[in-house]
Every structure is written in structure tokens, then in C-alpha cells.
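# Coordinate analysis (summary)
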Amino acid sequence: MSADAQAVLQFWFAELTPAQWFKKDAEMDRAITRRFATVHVQATRCECYRWRRSAHGRLAEIIVLDQFSRNMYREDPRAFASDALALTLAQEAVALGVDVELAAQERVFLYMPYMHSESPVIHEEAIQLFDQPGLEENLGYEVRHKAIIDRFGRYPHRNALMGRSSSDEEIDFLKQPGSSF
């Protein structure tokens, strides 16, 4: 595994706490950008393909594309620009069976692109993936995500950012506590 892939995993799983993974924190967003902007560009250009030779390298690439994008481009449509690529890499990992080489906590992030998808078809698979020992808490989050996709066919909280019009039903939904992730 490359030094860059190792640095991504070291940062994500050893330097950060689980509480930091999903917390909006402008300083952490800036730190990720400073430290990993070059790697992020390389990953978006598919230049990190050698990382895919191992389950952990593939996981590192997915974290860069899926999680780091959300940190680096918070409140910007670019936060979601690499979602399809991250999902493709995750789907390949599952198809190859390399996901089982990872610890439960690591698999959460390998599977996260499924949860971030706005496709009902993908969420059917996500339910199965998160329904594993050690992933119970994340299964609950996936069920909530899937319910939103089943109801609206998209995540309404992304609408304004993505330049999409919201329906009256989506506007009412967004007024509810816990409607955004």
C-alpha cells in the first residue's frame, strides 16, 4: 500500500475520533484540505488505481472520494461530485469480496457511498450490507436514509446546494428535526 493511502487511513482511523467523523468542523475541514488536497485531485482523476491492489488501499481511496470530498467542499456541490466514483469502487470491492478483509469499523466507510447514493436500487443493497454484526448502529442510519430516498427519490437537504427546486412536501419535511444528515 502506498504511503499516501497509509496516511489517509492513519489520519481517519487513528488521528480522528469517531465523534469527529460526522461533525461539522470548519477547522478539521481546512486541515483535511491542507493535508490531502493533492491526493484528492489524484483520486478524482483515478490516478490512485494502484491503491486498489489491497482492501485497505481501496478503502483509503473511497474515504478520500466520499468523506474528504464532503469535508473539503462542505456547502458546495463539489462535495458530491465524486460520489459515483466512490460507489463504483465500493461495488467492485463487494463484488470481489475484499470488503470481508476489513474490520467492521472500516467496512462502514467502504459501504458509506451506498448510503450517500440517491438511488433506491442502491439502497436495497445498502440495507443488506449494513445488516451485519458490528454494523447495527449504521444499519439504523441506513434505514433512515433509505426512507428519505423511498419517499422523495433524493435527499431534499441537498436541493438548494445542488440548484434543485424543492417540492412543498420536501420543504415541510426539511422543517422536521433530523431531516438532514
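Our structure's up above, just so we're on the same page.
Reference entry: report on the structure contained in this document. (Residues numbered from 1 in each chain as written. Predicted model: local features only at pLDDT ≥ 70, side-chain atom pairs only at ≥ 80, totals over all residues. Heavy atoms only, no water.)

## With respect to the nonpolar core
If you look at the biggest cluster of nonpolar residues, it comprises 47 residues, and the most contacted ones within it are Trp12 and Phe68. At the level of elements, α1 (3-15), α3 (26-44), α4 (55-72), α5 (83-96), α6 (104-116) and α7 (120-130) are the ones that each hand at least two residues to this core. Among the elements that line this core, the one with the most residues is α4, at nine residues. Not counting the four nearest positions on each side in its chain, Phe68 is found in contact with Val8, Phe11, Trp12, Ile32, Phe36 and Ile63. Residues Ile148, Ile149, Phe152 and Tyr155 belong to the second largest nonpolar core, which totals five residues. (Core = buried A, V, L, I, M, F, W, Y, C linked by side-chain atoms within 4.5 Å. Buried < 20%, exposed > 50% of the residue type's maximum accessible area, 1.4 Å probe, protein only. Helix = DSSP H or I, 4+ residues; strand = E, 2+ residues; numbered from the N terminus. Contact = heavy atoms within 4.5 Å.)

## Some points on the layout of surface pockets
Empty space within the largest pocket amounts to approximately 1,000 Å³. Around the largest pocket, the lining comprises 32 residues; the ones closest to its centre are Trp21, Phe22, Arg70, His116 and Phe181. Secondary structure elements with two or more residues in the lining of the largest pocket: α2 (18-21), α4, α6 and α8 (136-152). The leading source of residues in the lining of the largest pocket is α6, at seven residues. (1 Å grid on protein atoms, 1.4 Å probe; cavity = no way out; pocket = protein on both sides within 12 Å on 5 of 7 lines; lining within 4 Å. Points joined across faces, edges and corners; volume = space filled by probe spheres on them.)

## Overview of the pattern of salt bridges
Overall, the coordinates contain 16 salt bridges when judged by the stated rule. Here Asp76 ties to Arg78 by a salt bridge, and the two come within 2.9 Å at their closest N and O atoms. One network of salt bridges, in which partners are shared, links Glu27, Arg30 and Arg34. (Salt bridge = Lys/Arg side-chain N within 4 Å of Asp/Glu carboxyl O.)

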